[in-house]
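Chain by chain, the residues:
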Amino acid sequence: MNNNDVFKKLRVALQLRDDQIVEIMELVDFRVSKAELGAFFRNADHPNYMDCGDQVLRNFLNGLIIHLRGTKEEPKNPQEVLAKNKTAVKNNKKSFSAVKQDKPKTDRPKSNKPKTAKADDKKPAKNFKAKKPAPVVEKFKFKSGKKSDS
């Protein structure tokens, strides 16, 4: 297991987004861009893949300690930080799905081309009900050779 794998697993386990990882790195005065992070999280066979060096992982772990525990002057409870992050991720997912659902269908750009009817475009009638296909395996009674009393 290399540094990239460790970095990926920590990101997934702690549910961290790229912007949060950048903030964590800045806690230890280590600057890294989102593009560089994306290169660390790519597959090894991707052309833009980049090895995560020891220095990057070390600074991330040191920043993660400060992010979760706080400093000596301002200590934090790691469980509260993780819980707050978890709720933020859930709220982000809910707001994303709400935005996706609230979007009206009329926002699509209309083309100036007249719609031509094709044979494949025909829709079935409203009262049309599809027939259930016949079962592939017929029902049968298994006979074990033993006689039953009933």
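Here goes a summary of the coordinates provided. Small disclaimer: the values here were computed from a predicted structure and weren't measured. (Residues numbered from 1 in each chain as written. Predicted model: local features only at pLDDT ≥ 70, side-chain atom pairs only at ≥ 80, totals over all residues. Heavy atoms only, no water.)

1. Side note on the side chain of Asn-3
When you line up the elements, Asn-3 lands in helix α1 (residues 3–13). Separated by 2.7 Å, the side chains of Asn-3 and Asp-54 make a polar contact. Once you skip the residues sitting within four places of it in the chain, Asn-3 turns out to touch Cys-52, Gly-53, Asp-54 and Leu-57. (Helix = DSSP H or I, 4+ residues; strand = E, 2+ residues; numbered from the N terminus. Polar contact = N/O pair within 3.5 Å; in protein donor to acceptor, adjacent residues only side chain to side chain. Contact = heavy atoms within 4.5 Å.)

2. Description of unusual backbone geometry
One non-glycine residue, Gln-15, lies in the positive phi region at around 55°. Phi is positive for Asp-29, close to 55°, though the residue is something other than glycine. Among the residues examined, Asp-29 registers a relative accessible area of 63% and is labelled exposed. (Buried < 20%, exposed > 50% of the residue type's maximum accessible area, 1.4 Å probe, protein only.)

3. Observations concerning α1
Residues of α1 that are buried include every one of Asn-3, Asn-4 and Phe-7, and no others. The buried residues of α1 occupy one face: seen down the axis, they fall within an arc of 100°. Opposite its buried face, α1 presents the exposed residues Lys-9, Val-12 and Ala-13, each directed more than 90 degrees away. Among the residues of α1, the N-terminal cap falls to Asn-2, whose side-chain oxygen and the backbone nitrogen of Asn-4 are separated by 3.3 Å. Gln-15 sits one or two residues past α1 and shows a positive phi near 55°. (Arc of directions from axis to C-beta.)

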